[in-house]
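# Examination of the molecular architecture
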Amino acid sequence: MKLLEFEAKDVFRKYGIAVPPTGGVIEKTAQLPAALKRAGKGPWVLKAQVLAGGRGKAGGVKIAKTPKDAKEYAEKMIGMKLVTHQTGGKGLLVKQVLVDKASNIARELYFSVVLDRKEGRPVIIASAEGGMEIEELAHTRPEAILKEPVDPVRGLEPYQARKLGFAMGLSADLVSQFVPMATKLVKVFLDLDANLVEVNPLIVTDKGQLVALDGKVATDDNALFRQKDLASRPDPEASPVERQAKKVGISYVGLDGNIGCMVNGAGLAMATMDTVALAGGSPANFLDVGGGANAQQVTSAFQIILKDPKVKAVLVNIFGGIMRCDTIAEGVLAAAKKVKLNVPLVVRLEGTRVQEGKDLLKRSGLKMTLADSLWDAAQKAVAAAGSVA
Ligand code: GDP
Ligand code: MN
């Protein structure tokens, strides 16, 4: 799960990590005057809250000298599609804009904590050369990048933090600010089960203060069971349909194609998508109803798939293992009765009690095409989708 910049900075603030004074996020221009007031005297910086870096170069970070400028920027930014080198061509819709008091920057540094799989530990990556993308720096000046592994139990040791601070070219005074800040950033990383905490840039202000000007935090979804605050937060990356799917325990990811896929098991779901593509079609979604799907989940799965107006055919590909094929057939029939199925349906069942399952489907009188193999099913689904398009 990725936190938006303002959420990351809220966490930083709670840990006593210096961030710029803020007026909070706004969703409408009408909220701007109050936000400017909360942030304090101008100039201010308006920042598009999307889950992508490179906003600065793409027009998602604007410094406003006057409230009038701020209003102009806010009007432009809210509702815009921000395209940065990290968003892909379609860009991301800007729903929220963070209003911070602008900082006077004397120096830009780079600081992050990442999970290093090879080390089996968190590693701090730091550089005296902040502001630019770390990937770019790694490419052009790898020697400018410092690395310091961290013991996950002990956290960052003071001597390590001091060594890093001096290696980043900080004065003794700045090192004494850097040591507690770096220690707290590592603590955020460990406390939140993060796999990334990044501050780029970490700045030295003209007054000699070390401040986290930007913040990026990504956490491990597998640890959500013990991260109650994170777990209860709606994932801004999930679409409404993906959220509904999550609620009923179905893994669903919307895609661009027109063949809705309902499959049990993530591996089979991936194979189904590949086979659909091989047959010349394109899947509308990844959907895994799970190993122990019941009739209700199958019904929800149908509802979720059919919410996508792009879907021109539905392909059900279920392997009856623990779950028997006849139970699945009953689920499909119950779902089809409840959901108005207005596109062709192709069903391929395999596994335990497959014949009983197929018989049930055949006897039901429900209009559908039965397939004998995955390849057969994919071809039939592609043909069906094509014939109604
Ligand atoms: P990103 O491009 O998405 O990573 O957004 P950042 O928050 O890192 O901002 C990009 C750049 O805008 C920074 O590297 C700064 O150079 C500049 N910037 C952001 N906030 C301020 C500010 O308060 N004052 C000044 N002078 N520059 C800022
Ligand atoms: Mn940044």
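Below, the structure is looked at part by part. Predicted model, so just to flag it, every value in this text is computed and none were measured. One numbering rule holds for all chains: residues counted from 1, following each sequence as written. Each chain is given a letter, starting from A, and each ligand a number, starting from 1, according to the order in which they appear as written. Confidence filtering applies because this is a predicted model: local features only for residues at pLDDT of at least 70, side-chain atom pairs given and counted only at 80 or more, and all residues used for totals across whole chains, interfaces and linings. Note: side-chain values were computed over all heavy atoms of the structure, leaving out hydrogens and water.

Secondary structure is summarised from DSSP: a helix means a run of H or I of at least four residues, a strand means a run of E of at least two, and numbering begins at the N terminus for each. Looking only at helices and strands, one finds 14 helices and 19 strands in the chain. Out of the 389 residues belonging to the chain, those deemed buried represent 49%. Here the open area of atoms and residues is found with the Shrake-Rupley method and a 1.4 Å probe, where only the protein chains shown may cover a residue. Carbon and sulfur atoms make up 55% of the accessible area of the chain, which totals about 18,900 Å². We treat Lys and Arg as the positive residues and Asp and Glu as the negative residues; His and chain ends play no part in the count. The atoms used to mark charge sites are NZ of Lys, CZ of Arg, CG of Asp and CD of Glu. Of the side chains in the chain, 53 bear a positive and 42 a negative charge, and the two mean positions are spaced by 5 Å. Relative accessibility decides the category of a residue: with a 1.4 Å probe and only protein chains considered, values under 20% of the type maximum give buried, values over 50% give exposed, and everything between is partly exposed.

With that settled, consider the site of ligand 1. For this purpose, a residue is taken to be near a molecule or strand whenever a single non-hydrogen atom of the residue falls within 4 Å of it. With respect to spatial proximity, 16 residues lie near ligand 1, and among them Lys 47, Arg 55, Gly 56, Ser 103 and Glu 108 are the closest. Pairs of N or O atoms within 3.5 Å make up the polar contacts considered here, provided that, within protein, one atom can donate a hydrogen while the other can accept it, and that residues adjacent in sequence are counted only when both atoms are side-chain atoms. A distance of 2.9 Å separates an oxygen atom of ligand 1 from a polar backbone atom of Gly 56. Isolated, ligand 1 exposes 560 Å² of accessible area, and the fraction of that covered by the protein chains is 79%. Among the secondary structure elements, those contributing two or more residues to the shell around ligand 1 are strand S3 (44-48), helix H3 (55-58), strand S4 (61-64), strand S8 (105-116) and strand S11 (194-205). Note that Gly is not counted as nonpolar here; it falls among the polar residues with everything else outside the nonpolar set of Ala, Val, Leu, Ile, Met, Phe, Trp, Tyr, Cys and Pro and the charged set of Asp, Glu, Lys and Arg. Each residue belonging to the shell around ligand 1 can be placed in one class, and the counts come to seven nonpolar, five polar and four charged.

This part is about the sheet that holds strand S7 (residues 97-101). Note on pairing: two strands pair once DSSP finds at least 2 bridges between them. Pairing within the open sheet is antiparallel, and its four strands lie in the order S2-S7-S3-S4. Each end of this open sheet is capped by a strand with a single partner; those strands are strand S2 (22-26) and S4. The average undirected angle you get between the axes of adjacent strands in this sheet is 20°. With four bridges connecting them, S3 and S4 associate as antiparallel partners. Pairing of Trp 44 across the sheet is with Ala 64, part of S4. Axis definition: a line fitted to C-alpha atoms, over the contacting stretch in the case of helices. Angles run 0 to 180 degrees between N-to-C directions.

Tetrahedral coordination by four donors puts the ideal angle at the metal at 109.5 degrees, and octahedral coordination by six puts it at 90 or 180 degrees. Sodium, potassium and calcium take a 3.2 Å donor cutoff, other metals 2.8 Å, and in both cases only N, O and S atoms count; water is not among them, so sites may look incomplete. For the manganese ion (ligand 2), every protein donor is listed as Asn 200 (O) and Asp 214 (OD), and the spread of their distances is 2.1 to 2.2 Å. Remark: Asp 214 occurs in the loop between strand S12 (210-212) and strand S13 (216-219) and Asn 200 occurs in strand S11; sequence separation between them is 14 residues. Assigned by exposure class, Asn 200 and Asp 214 land together as buried.

Let us look at the side chain of Thr 219. Along the chain, Thr 219 turns up in strand S13. The criterion used for residue contact is that any of the two residues' heavy atoms lie within 4.5 Å. With near-sequence residues (within four places) excluded, Thr 219 lies in contact with Met 1, Leu 192, Asp 193, Ala 194, Asn 195 and Leu 230.

On to the pairing of strand S9 (residues 121-127). Each regular strand carries side chains that alternate between the two faces of the sheet. Counting buried positions along S9 gives six out of seven residues, so the element sits mostly inside the fold. Note: S8 against S9, seven bridges, orientation antiparallel. Residue pairing for S9: Phe 111 is matched across the bridge by Ala 126. The turn linking S8 back onto S9 is made up of four residues, and Gly 120 within it adopts a positive phi angle of 70°. Relative to strand S10 (residues 145-149), S9 runs antiparallel, the two sharing five bridges.

A pair of aromatic rings is counted whenever rings of Phe, Tyr or Trp (Trp by its six-membered ring) have centres within 6.5 Å, and the orientation is called stacked for planes under 30 degrees apart, edge-to-face for over 60 and tilted otherwise. The tally for this structure, following the rule as stated, stands at one aromatic pair. Where Phe 111 meets Phe 178, the ring centres are 5.8 Å apart and the plane angle is 75°; that geometry is what we call edge-to-face. Here Phe 111 is found in strand S8, whereas its partner Phe 178 is found in helix H7 (residues 172-191), with 67 residues between them in sequence.

With that settled, the discussion passes to the nonpolar core. Each nonpolar core is a collection of buried residues, namely Ala, Val, Leu, Ile, Met, Phe, Trp, Tyr and Cys, held together in the definition by side-chain atoms within 4.5 Å. Membership of the largest hydrophobic core comes to 39 residues, with the highest contact counts inside it found for Phe 12, Phe 111, Ile 124, Phe 178 and Val 197. The set of elements that each furnish at least two residues to this core consists of helix H1 (5-14), S8, S9, helix H6 (158-167), H7, S11 and S12. Considering every element that reaches this core, the biggest residue donor is H7, with 10 residues. In terms of nonpolar packing, the next biggest core, distinct from the first, is built from 32 residues, Tyr 252, Ala 284, Val 332 and Val 343 among them.

Let us now look at the pattern of salt bridges. We count a salt bridge whenever a side-chain nitrogen from Lys or Arg sits within 4 Å of a carboxyl oxygen from Asp or Glu. Under the defined criterion, the tally for this structure stands at 21 salt bridges. Notably, a salt bridge pairs Asp 193 with Arg 226, separated by 2.7 Å at the nearest N-O pair. Separated by 33 residues along the polypeptide, Asp 193 in the loop between H7 and S11 and Arg 226 in the loop between S13 and helix H8 (228-231) bring together distant segments of the chain. Residue Asp 193 is classed as buried on the basis of its relative accessible area, which comes to 14%.

Before going further, it helps to examine H1. Taken across its 10 residues, H1 has seven buried, putting it largely inside the fold. For H1, the set of buried residues is Glu 5, Phe 6, Glu 7, Ala 8, Lys 9, Val 11 and Phe 12. Residue Gly 16 follows H1 closely and has a positive phi angle near 80°.

Turning next to helix H13 (residues 354-364). Taken as a whole, H13 has its buried residues at Val 354, Gly 357, Lys 358 and Leu 361. Buried residues of H13 fall within an arc of 95° about the axis and therefore sit on the same side. Looking at the buried positions of H13, the neighbouring elements they touch are helix H12 (325-338), strand S18 (345-351) and strand S19 (369-371). Phi for Gly 365, located one or two positions after H13, is positive at around 80°. By arc we mean the arc of the directions from the helix axis to the C-beta atoms, nothing more.

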